[in-house]
Amino acid sequence: MADEKTIPLLPCPSIDETEDFYRALGFTQTYRQTKPNPYLCVRREDLELHFFGMDPFDPADSYGSCLVIVPDTGALFAEFAAGLRERYGKLPLAGIPRITRPRKRKNQDNLSGFTVVDPGGNWLRIFPAKPGPAGAEASSPLAKALANAVVQGESRGETAQAIRILDTNLAKAGPDDDRAEALLYRAELALRVQDHDRAREIVAELTGMGVEIPEELAEGCR
């Protein structure tokens with residue numbers, strides 16, 4: 001049967017906070033009620049999400065998640081990032097809510113995805129509809145470690161495990177071409193756990209290597 005449609009229905013502790021967050025991402029409210037139960041609908045072009053309020057509800061305990069398939073993850077990330085910077089003054093890279101930078105996932109056919117964690121702790125896992133040009137597969141031990149760390153940190157939310165993988169392999173690796181990319185991700189993870197001193201150390205090392213620092217990492221280290 002054609003013209004079918006699925007709309008995720010996700011929990012949240014506050015429809016007010018949820019609506020404010022999604023407005024920053026460019027969504028508009030299409031429906032809202034507070035009685036007999038809190039309920040919110042938002043839309044952004046063809047993306048539609050519904051939320052139901054729960055009290056009490058701890059976003060850190062949420063299992064809410066959905067896949068969002070889009071034509072261009074890079075373009076959408078840029079639009080989301082601009083809206084979040086305007087709303088929060090900088091990108092929220094730690095805590096709830098937060099956003100992650102686009103990265104290839106070896107457990108998702110090497111598609112470059114990113115994640116938005118909203119105020120309800122719901123994970124929007126955003127991937128492209130089609131893979132981009134195939135790049136070289138990870139070959140060095142550090143590149144393979146980075147791929148494994150990304151799976152842990154981005155797909156499974158196991159930030160501590162991702163940090164352990166990178167720290168172990170960065171300590172053993174030399175100054176090869178893969179070190180910069182591994183350090184960039186390690187800096188992002190440091191900001192995620194609010195270890196700003198470690199993030200600054202890594203950014204200083206990258207700067208010494210002549211690596212351009214992404215704006216969101218520079219913001220987090222200020």
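Everything in this summary refers to the structure shown in the same document. (Residues numbered from 1 in each chain as written. Predicted model: local features only at pLDDT ≥ 70, side-chain atom pairs only at ≥ 80, totals over all residues. Heavy atoms only, no water.)

Another point: the environment of D178. Mapped onto the elements, D178 comes out in helix α5 (residues 177-192). According to the relative accessible area criterion, D178 is partly exposed, its value standing at 26%. In contact with D178, not counting residues within four places along its chain, are S140, L142 and A143. Looking at D178, its side chain comes within polar contact range of the side chain of S140, at 2.4 Å. (Helix = DSSP H or I, 4+ residues; strand = E, 2+ residues; numbered from the N terminus. Buried < 20%, exposed > 50% of the residue type's maximum accessible area, 1.4 Å probe, protein only. Contact = heavy atoms within 4.5 Å. Polar contact = N/O pair within 3.5 Å; in protein donor to acceptor, adjacent residues only side chain to side chain.)

A separate point is the packing of aromatic side chains. Taken as a whole and judged by the stated rule, the model has six aromatic pairs. Each ring, one from Y31 and one from Y39, has its centre 6.4 Å from the other, and the planes form 65°; the classification is edge-to-face. According to the relative accessible area criterion, Y31 is partly exposed, its value standing at 39%. Seen in terms of ring centroids, F77 and F114 are 5.3 Å apart; in terms of plane orientation they differ by 80°. Their pairing is edge-to-face. (Phe/Tyr/Trp six-rings, centres within 6.5 Å; stacked < 30°, edge-to-face > 60°.)

On to the layout of surface pockets, then. Taken as a whole, the second largest pocket spans an internal volume of roughly 230 Å³. P8, L47, E48, L67 and V68 are the residues nearest the centre of the second largest pocket, which is lined by 16 residues in total. Listed by contribution, the elements that provide at least two residues to the lining of the second largest pocket are β4 (47-53), β5 (65-70), α2 (73-88) and β9 (123-128). The residue inventory of the lining of the second largest pocket, partitioned by class, reads 12 nonpolar, one polar and three charged. (1 Å grid on protein atoms, 1.4 Å probe; cavity = no way out; pocket = protein on both sides within 12 Å on 5 of 7 lines; lining within 4 Å. Points joined across faces, edges and corners; volume = space filled by probe spheres on them. Nonpolar A, V, L, I, M, F, W, Y, C, P; charged D, E, K, R; others polar.)

Take the pattern of salt bridges next. Within the structure shown, the criterion is met by 20 salt bridges. The salt bridge involving R101 is made with E216; its shortest N-O contact spans 2.8 Å. Separated by 115 residues along the polypeptide, R101 in the loop between β6 (98-99) and β7 (103-105) and E216 in helix α7 (residues 215-220) bring together distant segments of the chain. Exposure class is identical for R101 and E216. Each is buried. (Salt bridge = Lys/Arg side-chain N within 4 Å of Asp/Glu carboxyl O.)

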